[in-house]
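A structural walkthrough
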Amino acid sequence: MAGRPGPGAGRREAAAGGARRFPRECCEGLGGLDYGQVDVAAMVWLFGYVDVTDTGFIVAVLSIAFNPLFWNVVARWEHKTRALSQVFGSPHVACYCLGAVILVLNCVRSHCFTEAMKSQPKLEGWDCDWTYYSGLAISAVGTLFVISSFLALGFTGTFLGDYFGILMEEKVTSFPFSVLDNPMYWGSTAIYLGWSLMHASPAGLLLTAVVAISYTIAVLYEGPFTEEIYRRKQKGVKSK
């Protein structure tokens, strides 16, 4: 993780010819906001700070959307054909290779996310210690969920081993799965949210929303299929 930008970083960047900024006056008049439309108003306000046509922003959105699409398509293809297991000579080796590719793609996604934030304006009112440390705390919680999920599931459990026929003996119910479902996904989302707050970045917040949406779709896509894999396993055990 990059070093702390500091409360006055945005002003120093502006003085050095960095990212453009918006005046505080753009946020005046919130006292008359219709809170019945607060979600729409918040999105309109957010888009006022974000250039969604910026090349870096578009690349970040595409990288965010691509990752879960890639691993779901490849994993289902493997489950149907066992092609990767045949190529690598072992389902475990094939799963490790897919996991390594996913990790690289996640690093690329994080890089694109960070570069997109840097190319967009900061929110001056958020460029302070309170926002920075709030973001740091959220990122820490997200990191806790991601690491503890990995330790509970192991490498193959984390990286779609069940699609390779590497099934777990029983459902994991220990922390963090005792706290929420899919903690790996939501922990990752929290990391991006915290990272965005640490950089006082409206663009980061919008990209975090894209991350949350992509993971929500992935859960809807993966959940029933994974449940069916284990349902078939249980039927096979009972028939013996």
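Residues numbered from 1 in each chain as written. Predicted model: local features only at pLDDT ≥ 70, side-chain atom pairs only at ≥ 80, totals over all residues. Heavy atoms only, no water.

1. Observations concerning the overall build of the protein chain
In terms of regular secondary structure, the protein chain is built from eight helices and zero strands. The secondary structure elements of the protein chain, listed N-terminal to C-terminal, are α-α-α-α-α-α-α-α. Relative to its 240 residues, the protein chain shows a buried fraction of 38%. Summed over all atoms, the accessible surface of the protein chain reaches about 13200 Å², with 66% contributed by carbon and sulfur. (Helix = DSSP H or I, 4+ residues; strand = E, 2+ residues; numbered from the N terminus. Buried < 20%, exposed > 50% of the residue type's maximum accessible area, 1.4 Å probe, protein only. Areas by Shrake-Rupley, 256 points an atom, 1.4 Å probe, with all protein chains shown as cover.)

2. Details of the pattern of salt bridges
This model, assessed by the stated rule, comprises three salt bridges. With a shortest N-O distance of 4.0 Å, Glu78 and Arg82 are connected by a salt bridge. Lys118 serves as the salt-bridge partner of Glu115, at 3.7 Å between the closest nitrogen and oxygen. Placement of both Glu115 and Lys118 in helix H5 (residues 91–118) is noted, with a separation of three residues, approximately one turn of the helix. (Salt bridge = Lys/Arg side-chain N within 4 Å of Asp/Glu carboxyl O.)

3. Regarding the environment of Leu207
Mapped onto the elements of the fold, Leu207 is located in helix H8 (residues 202–239). The exposure class of Leu207 is buried, given its relative accessible area of 0%. Between the alpha carbons of Leu207 and Ile58 there is a distance of 9.9 Å; along the sequence they are 149 residues apart. With residues near it in sequence (within four places) discarded, Leu207 still touches Phe57, Ala60, Val61, Ile64, Phe113 and Ala116. (Contact = heavy atoms within 4.5 Å.)

4. Examining the nonpolar core
Counting residues in each nonpolar core, the largest one holds 35 residues, and the members touching the most others are Phe113, Leu160, Phe164 and Leu207. Listed by contribution, the elements that provide at least two residues to this core are helix H3 (55–81), H5, helix H7 (183–198) and H8. Residue contributions to this core peak at eight residues, all from H5. In this structure, Phe164 is in contact with Glu78, Arg82, Leu84, Ser85, Pro91, Ala94, Cys95, Leu98 and Phe159, ignoring residues within four places of it in sequence. (Core = buried A, V, L, I, M, F, W, Y, C linked by side-chain atoms within 4.5 Å.)

5. What about a nonpolar patch on the surface?
A contiguous nonpolar patch, built from Val87, Phe88 and Val93 and spanning about 270 Å² of accessible area, is present on the exposed surface. Looking at where Val87 falls in the secondary structure, it is placed in helix H4 (residues 83–88). We classify Val87 as exposed; its relative accessible area is 64%. (Patch = residues over 30% accessible without salt bridge, like charges linked within 9 Å, V, L, I, M, F, W, Y side chains within 5 Å.)

6. Focus: the packing of aromatic side chains
Inspection of every chain in the model, using the stated rule, returns 10 aromatic pairs. Relative to Phe155, the ring of Phe150 has its centre 6.3 Å away and its plane inclined at 85 degrees; by these criteria the two rings are edge-to-face. Assessed through its relative accessible area of 25%, Phe155 is described here as partly exposed. Ring centres of Tyr163 and Phe225 lie 5.3 Å apart, and the angle between their planes is 15 degrees; on these two criteria the pair is classed as stacked. (Phe/Tyr/Trp six-rings, centres within 6.5 Å; stacked < 30°, edge-to-face > 60°.)

7. A word on the confidence of the model for the protein chain
Across the protein chain, the average pLDDT comes to 84, with 78% of residues at or above 70. Below pLDDT 50 for its whole length, residues 1–38 participates in 48 contacts with residues either more than four positions away or in separate chains. (pLDDT = per-residue confidence, 0-100.)

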